[in-house]
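Each chain is listed here by its residues.
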Amino acid sequence: MKFKSLTIYLLVSSIFLLCLLSILKIMSTLQGINFTNLNISQNFILGICLSLGLLVIGNKLNHLIKIFSFTSVFTIFYLYINESAPIWYYISVFLVILFFSHKVKNYNLNYLKEDFVSEKIIFDFITLFGIIFFAFVILFPFYIMLVTSFKTQIALLVNPLDFSLNFKEDLSDLFKSYFVIFDTYNFGRYILISSLVSIGTVIITLMFAIPAAYAVARLNFFGKTFLSSSILVIYMFPAIVLVIPLYTVFSQLGLRNSVVGLLIVYTATTLPVAIYMLQGYFKSIPKEIEDAGIMDGHSWFGIILKIIIPLSLPAIASVALYVFMIAWNEFLFSLMFLDNPKSFTLSRAIQYLTGDAETPRQYLMAGSVIVTLPVLIIFIYFEKYLVSGLTAGSVKG
Amino acid sequence: MSNTLSKIEKRTAYTLLLPAVFLVFSIILFPIFANIWISFKEVGLKDIRIPEPRAKKIIKYVSEDKSELKIIYKLRNSSLIQKITDVEFKDKLPKDIKPIDLDSRCIFKSKIIKCQFGEWRPKYRENFEILVKNEKNKEIDKKIIKSQKPNLSGKSDNILLTTNFTLNNFKKVFYENDFIDLLLTTFYFTFFGTIGAIIFGILAAQLVNQNFYGRSFMRSILLFPYVGPVVALAYTWTLLLDPNSGTFNALMVNFNIFDEPINLLGQKYMVMNIFGFELKLRLALTTVIFFEIWRYFPLAFLFILARLQAVPKDLYEAAEVDGAGPLKKFIHITLPQITAIISILFMIRFIWNFNKFEDIFLLTGGASGTRTLPINVYQQGFAISDIGMGSAVSIVIVLLLIIFMFIYFKLIGRKANEI
């Protein structure tokens, strides 16, 4: 039993350390350091020795002294095994091993005798590994997007692995791609159109959705059950089956290449989910408050304006943000309806740029950063509202 | 009394609902039915432009004192295939200027030239000339005449409104379109994309449900791929996976994991040799599925996390007292708690992935064996310019969708209300 859990502990922990060191090595390679070997087997054995050492010493030494001495010794071993590199890399290795040694502080020979210890070890390390794995897999493309926008096409063709940024040079050189896409590719205009369309969609959607949601939530009328159950069904119908008829009708009405056309379509496609989200919230408002409003002689309109809206501001905010994000990120309709560069939205403009193989990739990535950044900032800042929106809206995407 | 009140209530309800219902009807429900109409017609992209009579105005002086000039109208029918009938022409002349020897089809009355051109056949062209003269023999300003635009109108048949129907589109969809392959690719993409997103969602939710430093930050990061704009993310991936100078291939070659760069998005099959068995992997499709998982597992994560946080803690404590390890706790407590939400997620994501267009279009454009039904709608309608065919494929999608929704509401509809 003890032997089994010991083996599992050694294996799992050293695989974890190996992953940490490999990710560090990959990220350093992208800073222009010339590594060509991950040294998997040697580093794995190193990891086993380190884990074993830490386990055997256990609590016999002061924790700080223990981890610092082990880390120093093993960093030196690591240097000996691996290729030479600049000093900041060794400092990073030192920190990684320090982090690892600290993380395994709970493990000692006695701990291995407990029940289910091998399962617990695996779960612990999967958690640790999972955090690093998910963070790396998700952030890596975003990182590449950002750093590519600061590089040049020629430099990247010479060495596709060198993403190091030279901060010593002129800052205007570093941000050159951003100046270029604003000057030559008219991105200022596209930002304006995208903002106009997204904010317009939010306002019109709310104007239509709030009264409708109130009617569904509160009033009795013929066909209510049918309507409220068909909202979600309508929402499930995908944009791709609407595209051809809308394209034909919009061409004949002259609504293609116009902001108005986009506003109509975006509003209609976001309305069902907006109504669904709002009516759920309206139902949770106590009816007595409205009755008081009726007593005061308010009309239905007055009740909505003076009672319902002020009371449901958080829900309205989350609907607004959610609709804004859908409209800002929307691509299919802007692809179909816009073919004149004068009326492009940001997404369509970036897609248009990629159509030209000559467009250097740093411009594309600078454009991508510009279209991504507002959404991510809004998301981080208003996360609380947005998450509730995402869960209630639940399914779009 | 109560009767009138309920009447007022009804009327208010309809007034409040009308704008939203009208908009949704005209933009979402009308097109779905319009698809049926179009799918039974042979319509190309070029047919949906309404033929227009057009005129371009050219002006030349004919006398030396510039008091006489010739206006040439280059008239044409904008359509190459459809005729226009009852073409009417109107143009206005400035004060004191009159036409000389007006064409017999035209009349001049109170400064306006009005002409009846009758029928124009497809591709019709004519250079129509009018000589005009200033009555007071003064110089005529070219710019004033040029700035006045002629007004043309005419009648034409709208091919969409005729009643000729045909079944050819559906025949083509089923027999000339690799329909089986199309369907299989769509299901492969949908099924594995959905399953993968849910598995990663469970893992991530299980992870974030534990206590560690930076947990709320981690939750935000996990949602990044879902909230980011698809265009930016898809192009970043394309760049990353580019076989010539993409970071991914460069890294793999650098560390000797790959012998040579692999075109992950442009190669249809990859032959793998596992224990002597030759396995043909649909490479580009698999890559697209991975993108799909990467982008949509956050949604599954969000739902499963919300459910996990509602699981009472004492369940786990009781299990611990009974001597259950982490694995047993996961299988016997966590999994039963999340099966309902997983089945709902599966159905919803299945329907959405089934309709996914943007991701595949931006990554591969439907090439290298990634042609799914929605991509086919675009290819037929806009790349091959066969609107009727595109509509027919849309109809197939809608029918399959209705079947899925029926299953969804039959099987899971009741469960969904319980949660």
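### Focus: the overall build of chain A
At step 1: What chain A contains, in helices and strands, is 19 helices and zero strands.
At step 2: A globule of 397 residues ought to have a C-alpha radius of gyration of about 21 Å, yet chain A, at 29 Å, is considerably larger.
At step 3: Judged by the C-alpha coordinates and their principal axes, chain A covers about 80 × 55 × 35 Å.
At step 4: Here chain A, with 397 residues, has 54% of them falling under the buried criterion.
At step 5: Taking as baseline every contact in chain A between residues at least 6 positions apart, the subset at least 24 positions apart corresponds to 77%.

### Quick notes on the interface of chain B and chain A
At step 1: Contacts between the two partners involve 101 residues from chain B, matched on the other side by 99 residues from chain A.
At step 2: Of the roughly 8900 Å² buried between chain B and chain A on both sides combined, carbon and sulfur atoms contribute 80%.
At step 3: Between the two partners, chain B and chain A, sit one salt bridge.
At step 4: For Arg219(B), the salt bridge is made with Glu383(A), and the minimal N-O distance between the two is 3.3 Å.

### A word on the sheet that holds strand 3 (residues 84–92) of chain B
All names here are of chain B.
At step 1: With antiparallel pairing, four strands are arranged side by side in an open sheet as 5-6-3-8. The outermost strands of the open sheet, each flanked by one partner alone, are strand 5 (106–109) and strand 8 (151–155). With strand direction ignored, the average angle separating the axes of adjacent strands in the sheet is 15°.
At step 2: Bridge analysis of strand 5 against strand 6 (residues 112–120) gives four bridges, and the strand direction is antiparallel. Counted as the bridge partner of Cys106 is Cys115 from strand 6.

### As for unusual backbone geometry
The phi torsion of most residues other than glycine is negative, and most of the peptide bonds are trans.
At step 1: Even without being a glycine, Asn186(A) presents a positive backbone phi close to 60°.
At step 2: Here Asn186(A) shows up in the loop between helix 8 (176–183) and helix 9 (187–218).
At step 3: The phi dihedral of Ser368(B) falls on the positive side, at around 55°, and the residue is not glycine.
At step 4: Mapped onto the elements, Ser368(B) comes out in the loop between helix 11 (358–363) and helix 12 (373–383).

### Topic: the environment of Lys176(A)
At step 1: Of note, Lys176(A) is situated in helix 8.
At step 2: Each C-alpha atom, one on Lys176(A) and one on Ile57(A), is 55 Å from the other, the two residues being 119 residues apart in sequence.

### So, the pattern of salt bridges
One side chain can pair with another of opposite charge once the charged atoms of both are near each other.
Residue and element names in this part refer to chain B.
At step 1: For the coordinates displayed, the defined rule picks out eight salt bridges over all chains.
At step 2: A salt bridge links Lys57 to Asp91; the nearest nitrogen and oxygen atoms lie 3.0 Å apart. Taken as a pair, Lys57 in strand 1 (residues 53–61) and Asp91 in strand 3 lie far apart in primary sequence, 34 residues in all.
At step 3: Residue classification places Lys57 among the buried residues on the basis of a relative accessible area of 8%.
At step 4: On the basis of relative accessibility, which here comes to 3%, the residue Asp91 falls in the buried class.

### What about the sheet that holds strand 1 of chain B?
Residues and elements named next belong to chain B.
At step 1: Reading across from one edge, 1-2-7-4 is the order of the four strands in this open sheet, with antiparallel pairing throughout. Only two strands of the sheet have a single partner each, and these edge strands are strand 1 and strand 4 (97–100). Going from strand to strand, the sheet's axes swing by 30° on average, the running direction of each strand aside.
At step 2: Sheet topology places strand 4 next to strand 7 (residues 125–134); four bridges connect them, and they run antiparallel. The partner of Ile100 across the bridge, within strand 7, is Leu131.

### Regarding a positive patch on the surface
Residues and elements named next belong to chain B.
At step 1: A surface patch of like charges, here positive, comprises Lys56, Lys60, Lys66, Lys74, Arg125, Lys142, Lys146 and Lys149.
At step 2: When residues of the positive patch are traced back to their parent elements, those giving at least two are strand 1 and helix 2 (142–147).
At step 3: On the basis of relative accessible area, Lys149 is assigned to the exposed category, the value being 63%.

### Here's the deal with a nonpolar patch on the surface
At step 1: A contiguous nonpolar patch, built from Ile87(A), Trp88(A), Ile91(A) and Leu95(A) and spanning about 420 Å² of accessible area, is present on the exposed surface.
At step 2: For Ile87(A), the location among the structural elements is in helix 4 (residues 87–103).

### Overview of the packing of aromatic side chains
At step 1: Under the definition given, this model contains 58 aromatic pairs over all chains.
At step 2: Ring plane angle 65° and centroid distance 5.8 Å describe the contact between Phe142(A) and Phe224(B), whose orientation is recorded as edge-to-face. Of this pair, Phe142(A) sits in helix 5 (residues 117–148) while Phe224(B) sits in helix 5 (residues 215–227), placing the two residues on different chains.
At step 3: Given a relative accessible area of 11%, Phe142(A) falls into the buried group.

### A look at the packing of helix 1 (residues 2–29) of chain A against helix 4 of chain A
All names here are of chain A.
At step 1: One can describe the packing of helix 1 onto helix 4 by two numbers: an axis separation of 11 Å at closest approach and a directional angle of 155°. Classified by the angle their axes make, helix 1 and helix 4 are roughly antiparallel. In the packing of helix 1 onto helix 4, the handedness of the crossing is right-handed. Together, Ser13, Phe16, Leu17, Leu20, Leu21, Leu24, Lys25 and Ser28 of helix 1 and Trp88, Tyr89, Ser92, Val93, Val96, Phe99 and Phe100 of helix 4 make up the contact between the two elements.
At step 2: Classifying every residue of the contact of helix 1 with helix 4 gives 11 nonpolar, three polar and one charged.

### A word on the state of the cysteines
At step 1: A complete count under the given rule lists one disulfide over all chains for this structure.
At step 2: Across the disulfide, Cys106(B) is cross-linked to Cys115(B) (sulfur-sulfur distance 2.1 Å). Between Cys106(B) and Cys115(B), the S-S torsion sits near 105°, and that sign places the bridge as right-handed. In this pair, the class of Cys106(B) matches that of Cys115(B), namely buried.
At step 3: Cysteine Cys19(A) shares no disulfide, and the gap to the nearest cysteine sulfur, in Cys49(A), comes to 18 Å.

Definitions and limits used
- Residues numbered from 1 in each chain as written.
- Chains lettered and ligands numbered in written order.
- Predicted model: local features only at pLDDT ≥ 70, side-chain atom pairs only at ≥ 80, totals over all residues.
- Heavy atoms only, no water.
- Helix = DSSP H or I, 4+ residues; strand = E, 2+ residues; numbered from the N terminus.
- Rg over C-alpha atoms; globule rule 2.2 N^0.38 Å.
- Buried < 20%, exposed > 50% of the residue type's maximum accessible area, 1.4 Å probe, protein only.
- Contact = heavy atoms within 4.5 Å.
- Buried area = accessible area lost by both parts, 1.4 Å probe.
- Salt bridge = Lys/Arg side-chain N within 4 Å of Asp/Glu carboxyl O.
- Pairing = 2+ DSSP bridges.
- Axes fitted to C-alpha atoms, helices over the stretch in contact; angles between N-to-C directions.
- Patch = residues over 30% accessible without salt bridge, like charges linked within 9 Å, V, L, I, M, F, W, Y side chains within 5 Å.
- Areas by Shrake-Rupley, 256 points an atom, 1.4 Å probe, with all protein chains shown as cover.
- Lys, Arg positive; Asp, Glu negative; His and termini not counted.
- Charge placed at Lys NZ, Arg CZ, Asp CG, Glu CD.
- Phe/Tyr/Trp six-rings, centres within 6.5 Å; stacked < 30°, edge-to-face > 60°.
- Parallel < 35°, antiparallel > 145°, perpendicular 65-115°, else oblique.
- Left-handed = near helix turned anticlockwise from the far one by under 90°.
- Nonpolar A, V, L, I, M, F, W, Y, C, P; charged D, E, K, R; others polar.
- Disulfide = S-S within 2.5 Å.

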